[in-house]
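The lines below spell out each chain.
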Amino acid sequence: MSTAAMKRVVEHGGGRSCVGFDKVFAAEWQRLWKRHSVRLMACAAPLLALASAKYLSAHNISLHPGVPEYATAGNVPVLALAEMLITAFSGMMLVLAGLSVTEEYRGGQLRMGMIRAVSLGRIMAAKWLVALLFMWIQLGLYFICSVGVGLIWFPKPESYPLFYEAGNVTYMQGIGYDLAYYGLAALALAILLTVFFWIAAAARTTTAALGLGIGFLLLSYMLPTTLNYFRPLFETAVYVRIYFLSLLMIEWEGLAAMLANLHGLFLWNLSVLLGYGALFGGMTAWIWKRRDSYE
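Residues numbered from 1 in each chain as written. Predicted model: local features only at pLDDT ≥ 70, side-chain atom pairs only at ≥ 80, totals over all residues. Heavy atoms only, no water.

Trainee: Just to check I follow, could you spell out the overall build of the protein for this structure?
Mentor: A count of helical and extended segments in the protein gives 12 helices and 2 strands. Counted from the first residue to the last, the protein has its helices and strands arranged as α-α-α-α-α-α-α-β-β-α-α-α-α-α. Sorting the 295 residues of the protein into buried and exposed places 46% on the buried side. For the protein, long-range pairs separated by at least 24 residues make up 77% of all intrachain contacts whose partners lie at least 6 apart in sequence. (Helix = DSSP H or I, 4+ residues; strand = E, 2+ residues; numbered from the N terminus. Buried < 20%, exposed > 50% of the residue type's maximum accessible area, 1.4 Å probe, protein only. Contact = heavy atoms within 4.5 Å.)

Listed below in structure tokens is the structure:
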């Protein structure tokens, strides 16, 4: 470090708090958009909505119009997101975490930020918020595109059934349900991003971060699948609570179950989500605090 840089450190009491968080956030936002992969992901929402619409349209052929899984203009946003949330959206977040955390730390870019009088913890908090904002924007665009393709390609009945026998709704009532579903999805994305940031912080390479992230998703899928073999051993209420200890299953089926409050799952699944957030958020903060003290 140069003499002038050392002098700035002394003048600011350690040199790790003189830069405002808003400036750190703005710098990370600009850094994010410099990546070609991120600009490509930004175009994904309409393409994913079209792919989902094509799949749902073909799936409708084998379904009775009276079942909740039958795609209509009102429920297309939910049906289209249920699959994409655990595949495309999870994949995008895993890539963001690997590129912006593991790659930059191992490549030395984060150390350069610290030399500019910014603590590692502040940088990581800004990166998490930037990645989350990017994903929420994609989620909002996906909702708009899904509503559009629903109105253009799918039937618009006077009413249609919700999942888990939560009743029938009109189109406008269904849009309100869709918004509530997307709100829970936004929370689930924030929690999963926290998990991926912990993985990215612990991994030594970007490839390892991607591999560990995929492993976490597979494990989250395999455990509930294995639980099915022991289904007769549990009462229904106990079984569904164990089943929804999986973050992946909450994203796939649990959000609709929360809105229907099936077996009191709204508070249970919410507690599980917040538990994941507290656990992995705390472990991530501990990792970066230790590294910050040694840099």
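Trainee: Whenever I open this one, the side chain of Ser 146 confuses me. Can you help?
Mentor: With respect to the element layout, Ser 146 can be found in helix H7 (residues 120–153). Looking at Ser 146, its side chain comes within polar contact range of the main-chain oxygen of Tyr 142, at 2.8 Å. Contact partners of Ser 146, with chain neighbours within four places excluded, come to Ala 49, Val 76, Pro 77, Ala 80 and Tyr 182. (Polar contact = N/O pair within 3.5 Å; in protein donor to acceptor, adjacent residues only side chain to side chain.)

Trainee: I would appreciate a short explanation of empty space enclosed by the protein in the present structure.
Mentor: A probe matching the size of a water molecule, rolled over the atoms, marks out where space remains unfilled. In total, this model carries 2 cavities of 30 Å³ or more according to the counting rule given. The volume enclosed by the largest cavity comes to roughly 70 Å³. Around the largest cavity, the lining residues are Glu 28, Arg 31, Leu 32, Leu 96, Ser 100, Glu 104, Lys 127, Val 130 and Ala 131. Among the secondary structure elements, those contributing two or more residues to the lining of the largest cavity are helix H2 (21–33), helix H5 (76–107) and H7. The class makeup of the residues in the lining of the largest cavity is 4 nonpolar, 1 polar and 4 charged. (1 Å grid on protein atoms, 1.4 Å probe; cavity = no way out; pocket = protein on both sides within 12 Å on 5 of 7 lines; lining within 4 Å. Points joined across faces, edges and corners; volume = space filled by probe spheres on them. Nonpolar A, V, L, I, M, F, W, Y, C, P; charged D, E, K, R; others polar.)

Trainee: Whenever I open this one, the pattern of salt bridges confuses me. Can you help?
Mentor: Opposite charge on two side chains allows them to pair when their charged atoms are near. Applying the stated criterion across every chain, the model contains 3 salt bridges. Measuring nitrogen to oxygen at the nearest pair gives 3.9 Å for the salt bridge that ties Arg 31 to Glu 28. Taken together, the residues span about one helical turn, with Arg 31 and Glu 28 both in helix H2 at a distance of 3 residues. The class for Glu 28 is buried, based on a relative accessible area of 9%. (Salt bridge = Lys/Arg side-chain N within 4 Å of Asp/Glu carboxyl O.)

Trainee: Hey, could you run me through the environment of Tyr 243 in this one?
Mentor: Inspection of the secondary structure puts Tyr 243 in helix H10 (residues 236–243). For the pair Tyr 243 and Leu 223, spaced 20 residues apart in the sequence, the C-alpha separation amounts to 8.2 Å. Leaving out residues up to four positions away in the same chain, Tyr 243 has contacts with Pro 224, Leu 227, Asn 228, Met 249 and Glu 253.

Trainee: Looking at this structure, how should I read the nonpolar core?
Mentor: The nonpolar side chains of a soluble globular protein tend to be buried with one another. Residues Leu 81, Phe 89, Tyr 142 and Phe 216 are the most contacted members of the largest nonpolar core, which totals 87 residues. The dominant element in this core, judged by the number of residues it contributes, is helix H8 (residues 171–202), at 20 residues. Once you skip the residues sitting within four places of it in the chain, Phe 216 turns out to touch Leu 192, Val 195, Ile 199, Leu 247, Tyr 276 and Phe 280. (Core = buried A, V, L, I, M, F, W, Y, C linked by side-chain atoms within 4.5 Å.)

Trainee: Please explain the packing of H8 against helix H9 (residues 206–227) as it appears in this structure.
Mentor: Any two packed helices are characterised by how steeply their axes cross, that is the angle between the axes, and by the distance between the axes. It is at 9 Å that the axes of H8 and H9 come closest, and there the two elements cross at 140°. By the angle between their axes, H8 is oblique relative to H9. Two packed elements cross with a definite hand, and for H8 against H9 that hand is right-handed. Packed against H8, whose contacting residues are Leu 192, Val 195, Phe 196, Ile 199 and Ala 200, the element H9 presents Ala 209, Leu 212, Gly 213, Phe 216 and Leu 217 at the interface. Its residues assigned to classes, the contact of H8 with H9 comprises 9 nonpolar, 1 polar and no charged. (Axes fitted to C-alpha atoms, helices over the stretch in contact; angles between N-to-C directions. Parallel < 35°, antiparallel > 145°, perpendicular 65-115°, else oblique. Left-handed = near helix turned anticlockwise from the far one by under 90°.)

Trainee: What is the right way to read the packing of aromatic side chains from this model?
Mentor: Between two aromatic rings, the relevant description is the distance of the centres plus the angle of the planes. Taken as a whole and assessed by the stated rule, the structure comprises 11 aromatic pairs. Note on Tyr 243 and Phe 244: the rings are 5.1 Å apart at their centroids and 90° apart in plane angle, and the pair reads as edge-to-face. Ring pairs connect the aromatic residues Trp 198, Phe 216, Tyr 276 and Phe 280, which therefore count as one cluster. Stacked on the ring of Tyr 171, the Lys or Arg Lys 156 has its end atom at 4.4 Å from the ring centre. Lying over the aromatic face of Tyr 239, Arg 231 brings its terminal NZ or CZ to 4.6 Å of the ring centre. (Phe/Tyr/Trp six-rings, centres within 6.5 Å; stacked < 30°, edge-to-face > 60°. Lys NZ or Arg CZ within 6 Å of the ring centre and 35° of its normal.)

Trainee: Mind showing me how you'd approach the side chain of Ser 52 here?
Mentor: Relative to the assigned elements, Ser 52 resides in helix H4 (residues 44–60). Within the local environment of Ser 52, its side chain forms a polar contact with the side chain of Tyr 142, the two groups lying 2.9 Å apart.

Trainee: Help me understand the layout of surface pockets, please; the structure alone is not making it clear to me.
Mentor: Roughly 390 Å³ of internal volume is contained in the largest pocket. Residue lining of the largest pocket: 14 residues in total, with Glu 69, Leu 79, Ala 82, Glu 83 and Phe 163 positioned closest to the centre. With 4 residues, the single largest contributor to the lining of the largest pocket is H5. Partitioned by chemical class, the residues of the lining of the largest pocket number 10 nonpolar, 1 polar and 3 charged.

Trainee: For this particular structure, what's the right way to read H4?
Mentor: For H4, built from 17 residues, the straight-helix expectation of 24 Å at 1.5 Å per residue is met to within 8% by its first-to-last C-alpha distance of 24 Å. Buried residues of H4: Ala 44, Ala 45, Leu 48, Ala 49, Ser 52, Ala 53, Leu 56 and Asn 60, and no others. End-on, the buried residues of H4 take up no more than an arc of 160°, which puts them together on one face. Away from its buried face by more than 90 degrees, H4 exposes Leu 47 and Lys 54. (Expected span 1.5 Å × (residues − 1). Arc of directions from axis to C-beta.)

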